[in-house]
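Each chain, letter by letter, is given below.
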Protein chains: 2
Amino acid sequence: MDSGSSEPQPLVALVDALRRLPGVGVRTARRMAYHLLQHDRAAAENLGVALTHAVSRLRHCERCNGFTEVPVCATCAHPSRDASLLCIVETPADQNSIEATHGYQGLYYVLMGRLAPLEGMGPDEIDFGRVLSRASDGVVQEVILATNFTAEGETTAHYLSEALRSRGLKVTRLARGVPAGSEIEYVDAGTVAWALMERRPT
Amino acid sequence: MDSGSSEPQPLVALVDALRRLPGVGVRTARRMAYHLLQHDRAAAENLGVALTHAVSRLRHCERCNGFTEVPVCATCAHPSRDASLLCIVETPADQNSIEATHGYQGLYYVLMGRLAPLEGMGPDEIDFGRVLSRASDGVVQEVILATNFTAEGETTAHYLSEALRSRGLKVTRLARGVPAGSEIEYVDAGTVAWALMERRPT
């Protein structure tokens, strides 16, 4: 079209970039862009800087695979943590939920995903080899599987359980106090604490 | 807390910055941050750059108040536009909806808001003085009020209609073909085109 109706390029680029956020379509992206430009330019600047910093500074922890600024994250490096316990979670959000119970002092491994063959997430994409070698460091005595109680999470737990037990490790699963079909991130801390306490061998 | 569970600062800053997007709470912000860092770092970088560029390069058009990189935007500067027609909209999204009908060749004025006293948006915040002086340039013959058909949009249209007519301008309103209570941005182009065609004096 040439009726002078084309939008300025920086606005088009911003809307396109916002659309790549999960769950954001073109209308929402436009609303976000207009809101930031009209009402909260400081927020737009902050977000721009935060994104640049996060991408350049955050890497994966060598031990737990979580996000960190240093080679080994604060949790893994903390001296009072019980290194004989390793809790495997799907995401950092799940780790946060377990930390919020204040009932767990062991360490974590963050899968950053779960088995989902239909989405192309297989054992190689999750890098199960790295999980197994982390759990086989000779210090870990028990692995707590805290993947979600969804079909994919259960499949992931089952797969990991087989592999870990064949290496002689004790493997437990969060008690099924977490309602079936739900995701750990969205469960209240009390329920998560109870499920952690009632964990049972697989 | 000092159990080594604190998150790295760039991640905290990113989640905080994402929360300032409209409609984004802390859980959604976390999901966005994890998604970008784990699965789409290129998108994060793009968005960071796009935000910085948009904030530094986009300003308000001197004539229509829309976003532009230059003093007068491409629409206002276009030679084949009919400068005797001025369509007043609430947002750039509304302008896009009207442009999408390909049935309007006049110019625009973008309020970047609407009267909403409860939210602290009064005539001064909207800068009605600027709207009136834009419409009183001696070239504009007819002002088409295309604010939303919501309570605030109707109030804004009523207020503008009084002020513009007292200056001897012809003032029309989009025909009430747009369903009452809905927002123009979400109406299909055909309905908007019809409402534009059937516009009536106020």
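Here the residue numbering is sequential within each chain, running from 1 through the sequence in written order. Written order determines the labels here, with chains lettered from A and ligands numbered from 1. Per-residue local features are limited, in this predicted model, to residues with pLDDT of at least 70; the limit for side-chain atom pairs, both in listing and counting, is 80 or more; totals at the level of whole chains, interfaces and linings are taken over all residues. Excluding hydrogens and water, the side-chain values take into account all heavy atoms of the structure.

A. Summary view of the nonpolar core. Counting 75 residues, the largest nonpolar core has A:Leu14, A:Leu18, A:Leu21, A:Ile98, B:Leu14, B:Leu18 and B:Leu21 as the members making the most contacts within it. Once residues within four sequence positions are removed from consideration, B:Leu18 is found in contact with A:Leu21, A:Leu47, B:Val24, B:Ala29, B:Met32 and B:Ala33. We call a set of buried residues a nonpolar core when its members are Ala, Val, Leu, Ile, Met, Phe, Trp, Tyr or Cys and they connect through side-chain atoms within 4.5 Å of each other. Here the term buried applies to any residue with accessible area under 20% of the maximum for its type, exposed to any over 50%, and partly exposed to those in between, with areas from a 1.4 Å probe on protein chains only. Note on definitions: a residue-residue contact is assigned when non-hydrogen atoms from the two residues lie within 4.5 Å.

B. The arrangement of the confidence of the model for chain A in detail. Across the chain, each position has a pLDDT score giving the predictor's confidence in that residue, from 0 to 100. Summing up the model confidence of chain A, the mean pLDDT is 87 and the portion of residues at 70 or higher is 90%. Across the assembled chains, the prediction reports ipTM 0.72 with pTM 0.73.

C. Focus on unusual backbone geometry. Non-glycine residue A:Asn65 carries a positive phi angle of around 75 degrees. Here a helix means four or more residues in a row that DSSP labels H or I, a strand means two or more in a row labelled E, and each is numbered from the N terminus. Within the fold, A:Asn65 resides in the loop between β1 (59-60) and β2 (67-68). Given a relative accessible area of 8%, A:Asn65 falls into the buried group. In this structure, B:His102 takes a positive phi of about 55 degrees despite not being glycine. If you trace the backbone, B:His102 turns up in the loop between α5 (92-99) and β4 (106-110).

D. Looking closely at the packing of aromatic side chains. In this scheme Phe, Tyr and Trp rings, the latter by its six-membered ring, pair at centre separations within 6.5 Å, and the angle between planes marks the pair as stacked below 30 degrees, edge-to-face above 60, and tilted otherwise. Applying the stated criterion across every chain yields a total of six aromatic pairs over all chains. Between A:Phe128 and A:Tyr159, the ring centres sit 5.0 Å apart and the planes meet at 40 degrees, which makes this aromatic pair tilted. Residue A:Phe128 is found in helix α7 (residues 128-135), and its partner A:Tyr159 is found in helix α8 (residues 151-165); the two are separated by 31 residues along the sequence. By relative accessible area, which is 39% here, A:Tyr159 ends up partly exposed. If you follow B:Arg173 out to its NZ or CZ, it ends over the ring of B:Phe149, 4.0 Å from the centre. Should the NZ of a Lys or the CZ of an Arg lie within 6 Å of a ring centre and within 35 degrees of the ring normal, that charge is described as sitting over the ring.

E. Quick peek at the relation of the copies chain A and chain B. Residues reaching a pLDDT of at least 70 in both copies supply the C-alpha atoms on which the copies are superposed by least squares. Between the two copies, chain A and chain B, the superposition gives an RMSD of 0.0 Å; the rotation angle is 180 degrees and the shift along the axis is 0.0 Å. Here the transformation between the copies is reduced to the relation of a two-fold axis. In terms of C-alpha distance to the rotation axis, chain A has A:Gly48 as its closest residue, with the C-alpha 2.0 Å off the axis. The overlap is high: 100% of the interface residues of chain A also sit at the interface in chain B, so the same surface is used on both sides.

F. Fine view of the pattern of salt bridges. Any carboxyl oxygen of Asp or Glu that lies within 4 Å of a side-chain nitrogen of Lys or Arg is treated as forming a salt bridge with it. Here the structure, examined in full by the defined rule, presents 18 salt bridges over all chains. Because the salt bridges share partners, they merge into one network encompassing A:Arg63, A:Arg134 and A:Asp137.

G. Region of the structure containing the interface of chain A and chain B. Contacts between the two partners involve 62 residues from chain A and, on the opposite side, 62 residues from chain B. Here's the idea: put two parts together, see how much 1.4 Å probe accessible area each one loses, and the total over both is what we call buried area. Regarding the contact of chain A and chain B, the summed buried area is about 5,800 Å², with carbon and sulfur atoms giving 63% of it. Our count for the chain A to chain B interface comes out at two salt bridges. One salt bridge connects B:Arg20 with A:Asp40, and the closest N-O pair in it is separated by 2.7 Å.

H. Representation of the pairing of strand β5 (residues 142-145) of chain B within the structure. Residues and elements named next belong to chain B. Side chains Glu 142 and Ile 144 of β5 all project onto a buried face; the interleaved residues Val 143 and Leu 145 project onto the opposite face, where all are buried too. In this analysis, strands are considered paired if DSSP registers two or more bridges between them. Inspection of the sheet shows strand β3 (residues 82-89) paired to β5 by four bridges, in the parallel sense. Each residue of the ladder has a partner; that of Leu 85, found in β5, is Glu 142. In this sheet, strand β6 (residues 170-173) lies alongside β5 in parallel orientation, the contact comprising four bridges. Of the residues in β6, the one forming a bridge with Leu 145 is Arg 173.

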